[in-house]
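Here is how the chains run, residue by residue.
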Amino acid sequence: MVWQRDVDLVVPLWQGGGHIGVAAGAAALARMVAPSGGRLHISVADGTPTAHDGVQALDTVADTLQRLHDRLARRDPARVLTLGGDCASDLAAMRHLAARHPGLTVYWVDAHADLNTPATSPSGRAHGMGLRTLLGDGHPRLVGTPAPALHPAQVTLVGTRDLDPAERAYVTAHGIDRVAAGEIAADPRAATARRHAGGPAYIHLDLDVCDPGDLPAVACPTPGGPGTPAVAAALAAIAAHHDLVGAAVCEYTPDTPHDADRVRALLAALGLTG
Ligand SMILES: [Mn+2]
C-alpha cells in the first residue's frame, strides 16, 4: 500500500555532514519514489564551509532550514516525506509535524543518535546535532523555536550504536527509549512495544542504520548494524502500528557501488513504492 502524503521535499543538503555524495542521494531517491501530493525541490546554496560558533557551514544549513520552514508554514501539510540529503535535511519537517500532531512519536532509525551540541560535538558537523536541536539544545539558528519541538519521552532510538560519550550521558540522563539492532533483528515489532497503537509517528531513516556489509552506500558506514531485511521489517512494523505522518530517508550516497534493490526494499517498507 502506498503511503499518501501531502508533500515530498527533495533536499540535497550535504553541508551538514560535509559528504557531497548525499546531494546525489536526494536526486536518486526522487527518481525511485513516485510523487504523492506535491513535490518541492529545495535549492541548497553552495555557501561557505566556514564554521561559526562551533558549527561547520552554519550559514548554509541554517538558511536551508529557514527556506524549508517558510515553505512548510505556507502550505501547512499534515503529512510530509523528506528525501535527503544529510540528517539535517528533515529538521524543519519534524519541527512542523511535531507542532501539528501533539503526542508525535519520533523513531530515530540511525546508527548515530545525533544528540551533540556545538559544545560536545567532536566534528562540529550539524548532521550530528539534529535530534538534539529538536529537543531544544544547540545553536539558536538550528534550534529555531524558543520551546523545544520534542520531549525526550517522544523519541525512540532504533539501531543506534555509535554514540559519543556526551550523547550516551544524555540518553541515560533523560531515559530515552532505545531499541538495539539485535532486538529488531529478533523481533521487528520490538521498536513499537512501548508505544500506543494508532498514534501519530515520524520515521527518520538514516540509511547508515543498516550494516555496511549489506548497504555500503552511506556517508558514515558504521559496522554492527542489522541487515536491510531486518530494518525493512522494523519500518513496516512501525508504519503498521501507527498513523505515519512523516518520514525521511537520509545519507544515501548512490555513487558508492551497492545493490540498489536493498534501498528499494526499505522504501517499499515505508510505503513509498507501489
Ligand atoms: Mn547516522
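That block above? That's the structure.
Residues numbered from 1 in each chain as written. Predicted model: local features only at pLDDT ≥ 70, side-chain atom pairs only at ≥ 80, totals over all residues. Heavy atoms only, no water.

With reference to specific residues and values, describe the layout of surface pockets.
In this structure, the largest pocket spans a volume of roughly 270 Å³. Lining the largest pocket are 18 residues, and of these His-112, Asp-114, His-127, Gly-128 and Asp-164 sit closest to its centre. Taken as a whole, the second largest pocket spans an internal volume of roughly 180 Å³. Met-1, Trp-3, Ala-239, Leu-270 and Gly-271 are, among the 13 residues lining the second largest pocket, the residues nearest its centre. Among the elements of the structure, helix H8 (228–241), strand E8 (243–250) and helix H9 (260–269) are those that each provide at least two residues to the lining of the second largest pocket. (1 Å grid on protein atoms, 1.4 Å probe; cavity = no way out; pocket = protein on both sides within 12 Å on 5 of 7 lines; lining within 4 Å. Points joined across faces, edges and corners; volume = space filled by probe spheres on them. Helix = DSSP H or I, 4+ residues; strand = E, 2+ residues; numbered from the N terminus.)

Kindly report on the nonpolar core, identifying the contributing residues and their values.
Counting residues in hydrophobic clusters, the biggest one holds 45 residues, and the most contacted among them are Leu-9 and Leu-131. Elements supplying a minimum of two residues to this core: strand E1 (7–11), helix H2 (58–75), helix H3 (91–100), strand E4 (105–109), helix H4 (130–134), strand E5 (155–158), helix H6 (165–174) and E8. If we ignore the near neighbours within four places in the chain, the residues touching Leu-9 are Leu-40, Ile-42, Leu-68, Leu-72, Val-80, Leu-81, Thr-82, Leu-83 and Ala-93. Counting 41 residues, the second largest nonpolar core, distinct from the first, contains Ala-30, Tyr-107, Val-218 and Val-263. (Core = buried A, V, L, I, M, F, W, Y, C linked by side-chain atoms within 4.5 Å. Buried < 20%, exposed > 50% of the residue type's maximum accessible area, 1.4 Å probe, protein only. Contact = heavy atoms within 4.5 Å.)

So what's going on with the side chain of Arg-5? Residues and values would help.
Along the chain, Arg-5 turns up in the segment before E1. Engagement of the side chain of Arg-5 in a polar contact is seen with the backbone oxygen of Trp-3, the distance being 2.9 Å. Every residue in contact with Arg-5, bar those within four places of it in the chain, is listed here: Val-33, Ala-34, Pro-35, Ser-36, Gly-37, Arg-39, Arg-79, Val-80, Leu-81 and Leu-272. (Polar contact = N/O pair within 3.5 Å; in protein donor to acceptor, adjacent residues only side chain to side chain.)

Go over H6, please, and point to the residues and values.
Those residues of H6 lying buried are Glu-167, Tyr-170 and Val-171. Seen from one end, H6 has its buried residues packed into an arc of 100 degrees, which puts them on one side. Looking at H6, the residues exposed on the side facing more than 90 degrees away from the buried face are Pro-165, Thr-172 and Ala-173. The inward-facing, buried residues of H6 contact H4, E5 and strand E6 (177–179). (Arc of directions from axis to C-beta.)

With reference to specific residues and values, describe the environment of His-242.
By secondary structure assignment, the location of His-242 is in the loop between H8 and E8. A polar side-chain atom of His-242 sits 2.7 Å from a polar atom in the side chain of Tyr-107. Engagement of the side chain of His-242 in a polar contact is seen with the backbone oxygen of Gly-199, the distance being 2.9 Å.

Break down the coordination of the manganese ion for me, citing the residues and quoting the values.
For the manganese ion, every protein donor is listed as Asp-110 (OD), His-112 (ND1), Asp-206 (OD) and Asp-208 (OD), and the spread of their distances is 2.2 to 2.3 Å. All donors of the manganese ion come from a single chain, and their spacing in sequence reads D-x1-H-x93-D-x1-D. (Donors = N, O, S within 2.8 Å, 3.2 Å for Na, K, Ca; no water.)

I'd like to hear about the environment of Gln-56, residue by residue, with values.
Structurally, Gln-56 is set in the loop between strand E2 (38–41) and H2. Judged by its relative accessible area of 27%, Gln-56 is partly exposed. As a C-alpha pair, Gln-56 and Gly-18 span 38 residues in sequence and 8.5 Å in three-dimensional space. The contacts of Gln-56, once residues within four sequence positions are left out, are Gln-15, Pro-49, Thr-50, Ala-51, Ser-123, Gly-124 and Arg-125.

I'd love a proper account of the pattern of salt bridges, names of residues and values included.
According to the stated counting rule, one finds 13 salt bridges in the structure shown. Here Asp-8 makes a salt bridge to Arg-39, at a shortest N to O gap of 3.0 Å. In this pair, Asp-8 is assigned in strand E1 and Arg-39 in strand E2, connecting sequence segments 31 residues apart. One salt-bridge network, held together by shared partners, links Arg-5, Asp-8 and Arg-39. (Salt bridge = Lys/Arg side-chain N within 4 Å of Asp/Glu carboxyl O.)

Shape descriptors only; they carry no functional weight alone.
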